[in-house]
Amino acid sequence: MDLSPLQYGLGAGAGSLVGFTLGLVGGGGSILAVPLIVYLVGVKEPHLAIGTSAFAVAANAFANVINHARHGTVKWKIASLFAVAGVLGAFLGSSLGKAVDGQKLLALFAVLMLIVGVLMLRGRSAGGDPNVQLDRRNAPKLVGTGLATGVMSGFFGIGGGFLIVPSLMFSTRMPIYYAVGSSLVGVTAFGLTTAFNYALDGWVDWPLAAVFIGGGVLGGLVGARLAKALSGQKGVLNTVFAGLIFVVALYMLYRSAGALGLIG
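Residues numbered from 1 in each chain as written. Predicted model: local features only at pLDDT ≥ 70, side-chain atom pairs only at ≥ 80, totals over all residues. Heavy atoms only, no water.

Colleague: Is there a simple way to think about the overall build of the protein chain in this case?
Modeller: Looking only at helices and strands, the protein chain has 10 helices and zero strands in total. What you see in the protein chain, going N to C, is helices and strands ordered as α-α-α-α-α-α-α-α-α-α. Whereas a compact globule of 264 residues would reach a radius of gyration of roughly 18 Å, the protein chain reaches 18 Å, a difference of no more than 12%. Considering only C-alpha atoms, the protein chain reaches an extent of 55 × 40 × 35 Å along its principal axes. Every one of the 264 residues in the protein chain was classed for burial, and the buried ones make up 49%. In the protein chain, of all internal contacts separated by at least 6 residues, the share reaching a separation of at least 24 is 85%. Accessible surface for the protein chain amounts to roughly 12,100 Å². Of this, 68% is attributable to carbon and sulfur atoms. The distance from the centre of the 16 positive side-chain charges to the centre of the 7 negative ones in the protein chain is 15 Å. (Helix = DSSP H or I, 4+ residues; strand = E, 2+ residues; numbered from the N terminus. Rg over C-alpha atoms; globule rule 2.2 N^0.38 Å. Buried < 20%, exposed > 50% of the residue type's maximum accessible area, 1.4 Å probe, protein only. Contact = heavy atoms within 4.5 Å. Areas by Shrake-Rupley, 256 points an atom, 1.4 Å probe, with all protein chains shown as cover. Lys, Arg positive; Asp, Glu negative; His and termini not counted. Charge placed at Lys NZ, Arg CZ, Asp CG, Glu CD.)

This is the structure in structure tokens:
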């Protein structure tokens, strides 16, 4: 579809908001990408919004994984096996997602957002083994959880970091700071796989993705700086952001129900 200059400007603003929330509260911010593209930018085809969002989120994750790699918080062998298994799942999940009615997909997406909001309110343990390595004990778990997480990521067109982080911690007992850095390898791989699958049907708006990514970079820098200043308020920030996710999710359910004729 052809978008107006105003819509591309709104796309950059939406990307800035997503980047800002990612920089401010960390994982979970990218869940806002699809509803912003649909309801703020005005992309009426949900599949186009999902495909475009998947590419933008993958690009954002790739930029962040470079930063984490510099700090040595990426377990490459573990992350690579998880990502390889997840790529297959992401392709299967995105193929299934393309076959689902767009409004039904948005309704299911809203339910997922409610789950993400609940998870953001829960604390995460900082314990674990920082010296964990890939071995025959954790490899089967990584393959299984990677495949399952990839299916979810591909179906909804999301990065899935909020699922990948606990999956890596469960499979290997690694500390959360290694799980966050390593998860970005999977987010990048899953997002690119989903975007590629959607692009096969023309459901990626590349110019919109570009301005969204550009806005996200700027927003992320601002959010990261503010996060340092508000580091002591991390719990409050997570609670406020979870509340925002709940509000957006309920709005999406309302709009989706109306579009499907479930409400007058």
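Colleague: What am I meant to see in the nonpolar core here?
Modeller: Grouped burial of nonpolar side chains is what soluble globular proteins tend to show. With 42 residues, the main nonpolar core has Ile31, Leu32, Val43, Phe109 and Met113 as its most contacted residues. Sorting the residues of this core by element identifies α1 (5–25), α2 (33–41), α3 (46–70), α5 (102–121), α6 (139–156), α9 (206–229) and α10 (234–259) as the ones contributing at least two each. Broken down by element, the residue count for this core peaks at eight residues, all from α5. Once residues within four sequence positions are removed from consideration, Leu32 is found in contact with Val18, Thr21, Met113, Phe241, Leu244 and Val248. (Core = buried A, V, L, I, M, F, W, Y, C linked by side-chain atoms within 4.5 Å.)

Colleague: Would you mind showing me how to read the packing of α6 against helix α7 (residues 161–172) here?
Modeller: The angle between the axes and the distance between the axes are what describe a pair of packed helices. Following both chains from N to C, one finds α6 and α7 inclined at 170°, their axes separated by 9 Å at the closest point. Judged on the interaxial angle alone, α7 and α6 are roughly antiparallel. Of α7, the residues touching α6 (which contributes Lys141, Leu142, Thr145, Thr149 and Met152) are Leu163, Ile164, Ser167, Leu168, Phe170, Ser171 and Thr172. Its residues assigned to classes, the contact of α6 with α7 shows six nonpolar, five polar and one charged. (Axes fitted to C-alpha atoms, helices over the stretch in contact; angles between N-to-C directions. Parallel < 35°, antiparallel > 145°, perpendicular 65-115°, else oblique. Nonpolar A, V, L, I, M, F, W, Y, C, P; charged D, E, K, R; others polar.)

Colleague: Would you take a moment to explain α5 for this structure?
Modeller: Side chains of residues three or four places apart in an α-helix project in the same direction, reflecting 3.6 residues per turn. Helix length check: α5 (20 residues) gives 29 Å between terminal C-alpha atoms against 28 Å at 1.5 Å per residue, within 8%. Every buried residue belonging to α5 is among Gly102, Leu105, Leu106, Ala107, Phe109, Ala110, Leu112, Met113, Val116, Gly117 and Met120, and all of these are buried. The opening residue of α5 is Asp101, an N-cap whose side-chain oxygen sits 3.1 Å from the backbone nitrogen of Gln103. (Expected span 1.5 Å × (residues − 1). Polar contact = N/O pair within 3.5 Å; in protein donor to acceptor, adjacent residues only side chain to side chain.)

Colleague: Is there a simple way to think about the pattern of salt bridges in this case?
Modeller: A pair can form between side chains of opposite charge whenever their charged atoms are brought close. According to the stated counting rule, one finds two salt bridges in the structure shown. Two residues, Lys98 and Asp201, come together in a salt bridge whose shortest N-O distance is 2.7 Å. With Lys98 in helix α4 (residues 76–99) and Asp201 in the loop between α8 (176–199) and α9, this pair connects stretches of sequence that are 103 residues apart. Relative accessible area serves as the criterion here: at 45%, Asp201 is assigned to the partly exposed category. (Salt bridge = Lys/Arg side-chain N within 4 Å of Asp/Glu carboxyl O.)

Colleague: Help me understand the packing of aromatic side chains, please; the structure alone is not making it clear to me.
Modeller: Any aromatic ring pair is given by two values, namely how distant the centres are and how the planes are angled relative to each other. Going through the model one piece at a time under the given rule, you end up with seven aromatic pairs. Seen in terms of ring centroids, Phe155 and Phe156 are 4.9 Å apart; in terms of plane orientation they differ by 90°. Their pairing is edge-to-face. Judged by its relative accessible area of 8%, Phe156 falls in the buried class. Considering the side-chain rings of Tyr177 and Tyr178, the 4.8 Å spacing of their centres and the 40° angle between planes classify their relative orientation as tilted. Taken together, the aromatic side chains of Phe109, Phe155 and Phe156 make up a single cluster linked through ring pairs. Stacked on the ring of Tyr178, the Lys or Arg Lys75 has its end atom at 4.7 Å from the ring centre. Across from the ring centre of Phe170, 5.4 Å away, lies the NZ or CZ of Lys141, which sits over that ring. (Phe/Tyr/Trp six-rings, centres within 6.5 Å; stacked < 30°, edge-to-face > 60°. Lys NZ or Arg CZ within 6 Å of the ring centre and 35° of its normal.)

Colleague: Before we go on, may I ask you to explain a nonpolar patch on the surface in this structure?
Modeller: On the surface, Leu88, Leu92, Leu147 and Val151 cluster together to form a nonpolar patch covering roughly 330 Å² of accessible area. Listed by contribution, the elements that provide at least two residues to the nonpolar patch are α4 and α6. (Patch = residues over 30% accessible without salt bridge, like charges linked within 9 Å, V, L, I, M, F, W, Y side chains within 5 Å.)

Colleague: Explanation requested: the packing of α4 against α6 in the structure shown.
Modeller: Their axes nearest at 6 Å, the elements α4 and α6 cross at an angle of 35°. Between α4 and α6 lies a crossing whose hand is right-handed. Listed contacts from α6 to Ile78, Leu81, Phe82, Ala85, Gly86, Leu88, Gly89, Ala90, Gly93, Ser94, Leu96 and Gly97 of α4 are Ala139, Leu142, Val143, Thr145, Gly146, Leu147, Thr149, Gly150, Val151, Gly154 and Phe155. When its residues are assigned to classes, the contact of α4 with α6 shows 13 nonpolar, 10 polar and no charged. (Left-handed = near helix turned anticlockwise from the far one by under 90°.)

Colleague: Please explain the side chain of Lys98 as it appears in this structure.
Modeller: Among the residues examined, Lys98 registers a relative accessible area of 18% and is labelled buried. Among the polar contacts made by the side chain of Lys98, one reaches the side chain of Asp201 at a distance of 2.7 Å. For Lys98, the contacting residues outside a window of four places in its chain are His47, Asn197, Tyr198, Asp201 and Trp203.

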